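# Remarks on the overall topology
What follows is the residue order along each chain.
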Amino acid sequence: MNSLASSVFGISIPVDGDEDSASGASVVAIDNKIEQAMDLVKSHLMYAVREEVEVLKEQIKELVERNSLLERENALLKSLSNSDQLSQLSTQQANPSSTSQAQTVIAQPPQPTQPPQQPNVSSA
């Protein structure tokens, strides 16, 4: 058993009958190995946390840009709408049942007023 621990972990475990100094040295060696392992875990965790922070910073940056774009779009749409549309929107927000009907009407694209042109095909 002692040779297994020594070969796998690089530490020696004293057997009954060994000197007390050997026992004390092995405890110190085990403590050192534990400390090294904890330092290694700590450095790996710090690295993982730094990576995650960078990813989150990038996501925050993208979300701020998207928010800014949506705010500009909202301001543009407000400036292009007339007061009747704004009052209708306020009414819809106050009355949620009519909101779903209005959204379906708004979501439909306007129909073109001109029919699509037919390609010129010459008959033989």
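Model, not experiment: these values are computed from the prediction.

### Focus on the overall build of the protein chain
Counting its secondary structure elements, the protein chain contains four helices and zero strands. For the protein chain, buried positions account for 4% of its 124 residues. Surface accessibility of the protein chain: about 11400 Å² in total, with carbon and sulfur atoms responsible for 59%.

### Quick word on the UniProt feature "coiled-coil region" (unreviewed entry) in the protein chain
Per the UniProt entry, the sites bearing "coiled-coil region" (unreviewed entry) are residues 46-80 in this numbering. Secondary structure across residues 46-80 comprises 100% helix and 0% strand; the distance between its end C-alpha atoms is 51 Å.

### Brief notes about a negative patch on the surface
A grouping of Glu-54, Glu-58, Glu-62 and Glu-65 is seen on the molecular surface, where their side chains present a negatively charged patch. Mapped onto the elements of the fold, Glu-62 is located in helix H2 (residues 20-80). Accessibility expressed as a relative area gives 46% for Glu-62, which makes it partly exposed.

### Remarks on the confidence of the model for the protein chain
Averaged over the protein chain, the pLDDT score is 77; the fraction of residues at 70 or greater is 60%. Mean pLDDT in the protein chain bottoms out at helix H4 (residues 96-107), which sits at 55, and peaks at H2, which reaches 94.

### Section: helix H3 (residues 83-94)
The end-to-end C-alpha separation of H3 is 17 Å, in line with the 16 Å expected for twelve residues at 1.5 Å each. Where H3 begins, the side chain of Asn-82 points an oxygen toward the backbone nitrogen of Asp-84, at a separation of 3.1 Å.

### A look at a nonpolar patch on the surface
Together, Ile-30, Ile-34 and Met-38 make up a nonpolar patch on the protein surface, roughly 270 Å² of accessible area in all. Following the sequence through the fold, Met-38 ends up in helix H2.

Thresholds, definitions, all that
- Residues numbered from 1 in each chain as written.
- Predicted model: local features only at pLDDT ≥ 70, side-chain atom pairs only at ≥ 80, totals over all residues.
- Heavy atoms only, no water.
- Helix = DSSP H or I, 4+ residues; strand = E, 2+ residues; numbered from the N terminus.
- Buried < 20%, exposed > 50% of the residue type's maximum accessible area, 1.4 Å probe, protein only.
- Areas by Shrake-Rupley, 256 points an atom, 1.4 Å probe, with all protein chains shown as cover.
- UniProt positions renumbered as here; feature names shortened; annotations may be inferred.
- Patch = residues over 30% accessible without salt bridge, like charges linked within 9 Å, V, L, I, M, F, W, Y side chains within 5 Å.
- Salt bridge = Lys/Arg side-chain N within 4 Å of Asp/Glu carboxyl O.
- Lys, Arg positive; Asp, Glu negative; His and termini not counted.
- Charge placed at Lys NZ, Arg CZ, Asp CG, Glu CD.
- pLDDT = per-residue confidence, 0-100.
- Expected span 1.5 Å × (residues − 1).
- Polar contact = N/O pair within 3.5 Å; in protein donor to acceptor, adjacent residues only side chain to side chain.

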